[in-house]
Each structure stands twice: as C-alpha cells, then as structure tokens.
Amino acid sequence: MPLSPGESVPQVTATTQDGDRITVDFQAPTVLFFYPEDGSPGCATEASQFQAELPAYREAGVAVYGISTDDVDAHATFAKRQDLAYDLLADPDGNVAEAFAVDLTDGRATRTTFVCARGQVCGLYEGVRPDGHARNVLVDILDVGLVTVD
C-alpha cells in the first residue's frame, strides 16, 4: 500500500534525464508521478498533459516530477520526444518506488501520483487513468486546497 496522506515523505535523490543528480524538496508543494514506461502510449499521454499544465503548476508554485524505473538514456529520449520542461527521475533499481511503497510489476512502477508539501503526503492517486489526470490533480491543488501554496 503506497504512502498515505499525512505520512512523511522519504528523501529522494535521483538522476534526471539530463544526468544531473538532484534531491527533491518535498517541503515545497510537489507532484511526483510514477509511471510504468517511457514511450508507451499511456505514459506519453500522461507526460504530455503534465507538460501542457506545467505553466499553471509553476504559477501556483508547485514543482512537477515524473519517475519510472527506466534509465537516464531512456528518459532523455522520452523527454526530448515529448518536449518536456520538467525533470524525469530515473529509478532503475526501484529504490524510490520502494520508499513510497509503490507496487512494481515486472520491474515497472504502478501508475501512482503523490502530492506532497511540508515533508508530508497531501494527496494520493492510485490506478491513475493518464488522460485528464494532470488537470484533475491541478484542480485538486487549486480548487480543493490539497496543499497550501504560499
């Protein structure tokens, strides 16, 4: 069972599609979406829709990260093909998925999204349908007040 709202978020350090090693700041409002595989139709839909909504996320002060068990090279190709302006995090060993208790099936993360702030999970989305998901999360953040954005 994935981490639930109210639970503390583990520290995440991972490599981006550009080869940079970063530590995600979960004190700030952040969306972390796990997806199964670079290049699959559903993952392409989800990634491109987060990209389409990215200006609104940024205006609201919310960082967006995608993460899968694909490696940096696969992420670089996928990010370029989808023209993504947010970071994809490589989790080839599944360590981040394990820390968030996201199921791995055949080495691929189950589509799961976390909204985090102040070091805690504020929202959890399991069994995500890619089409419309980025918009739904944004609506929850802005209209429902899922996180307090300073």
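Caption draft 1: Quick look at the overall build of the protein. Scanning the protein from terminus to terminus reveals four helices and nine strands. Each helix and strand of the protein, placed in order from N terminus to C terminus, yields the pattern β-β-β-α-β-α-β-α-β-β-β-β-α. Compactness check: the protein gives a C-alpha radius of gyration of 14 Å against a globular reference of 15 Å for 150 residues, within 12% of the reference. Structurally, the protein occupies a C-alpha span of about 35 × 30 × 30 Å along its principal axes. Considering the protein as a whole, with its 150 residues, one finds that 49% of them fall into the buried category. For the protein, the share of sequence-separated contacts (at least 6 apart) that also reach a separation of at least 24 residues comes to 68%. Summed over its atoms, the accessible surface of the protein is roughly 7,100 Å², and 44% of this surface lies on carbon and sulfur atoms. Charge centroids of the protein, computed over 9 positive and 24 negative side chains, lie 4 Å from each other.

Caption draft 2: The arrangement of the pattern of salt bridges in detail. In the structure shown here, the tally under the stated rule is four salt bridges. The closest approach of N and O atoms between Glu53 and Arg135, which form a salt bridge, is 3.3 Å. Placement of Glu53 in helix 1 (residues 41-59) and of Arg135 in helix 4 (residues 133-142) is noted, with a sequence separation of 82 residues between them. Judged by relative accessible area, Arg135 falls into the partly exposed class, the value being 44%.

Caption draft 3: Structural detail: the pairing of strand 8 (residues 112-117). Counting buried positions over the six residues of strand 8 gives six, a clear majority of the element. Of the two faces of strand 8, the one lined by Thr112, Phe114 and Cys116 and the one lined by Thr113, Val115 and Ala117 are each fully buried. As judged from the five bridges shared by strand 3 (residues 30-34) and strand 8, these two strands associate in the antiparallel manner. Each bridged residue has a counterpart across the sheet, and for Leu32 the counterpart in strand 8 is Phe114. The pairing of strand 8 with strand 9 (residues 120-126) spans six bridges and is classified as antiparallel. For Thr113, the partnering residue across the bridge sits in strand 9 and is Tyr125. Where strand 8 hands over to strand 9, the hairpin turn is made up of two residues, of which Arg118 adopts a positive phi near 55°.

Caption draft 4: Looking closely at the sheet that holds strand 2 (residues 21-23). A sheet is described by the order of its strands in space; here seven strands give the open sequence 2-1-5-4-3-8-9, paired in mixed fashion. The open sheet terminates on both sides in strands that have one partner only, identified here as strand 2 and strand 9. Put simply, the sheet's adjacent strands are angled 30° from each other on average, direction ignored. Pairing analysis gives two bridges linking strand 1 (residues 13-16) to strand 5 (residues 87-90), with the strands arranged antiparallel. Looking at strand 5, one finds that Thr16 is bridged to Leu89. The sheet strands contacting helix 4 are strand 3, strand 8 and strand 9, and the helix crosses strand 8 at an angle near 25°.

Calculation notes
- Residues numbered from 1 in each chain as written.
- Predicted model: local features only at pLDDT ≥ 70, side-chain atom pairs only at ≥ 80, totals over all residues.
- Heavy atoms only, no water.
- Helix = DSSP H or I, 4+ residues; strand = E, 2+ residues; numbered from the N terminus.
- Rg over C-alpha atoms; globule rule 2.2 N^0.38 Å.
- Buried < 20%, exposed > 50% of the residue type's maximum accessible area, 1.4 Å probe, protein only.
- Contact = heavy atoms within 4.5 Å.
- Areas by Shrake-Rupley, 256 points an atom, 1.4 Å probe, with all protein chains shown as cover.
- Lys, Arg positive; Asp, Glu negative; His and termini not counted.
- Charge placed at Lys NZ, Arg CZ, Asp CG, Glu CD.
- Salt bridge = Lys/Arg side-chain N within 4 Å of Asp/Glu carboxyl O.
- Pairing = 2+ DSSP bridges.
- Axes fitted to C-alpha atoms, helices over the stretch in contact; angles between N-to-C directions.

None of this, on its own, says anything about what the molecule does.
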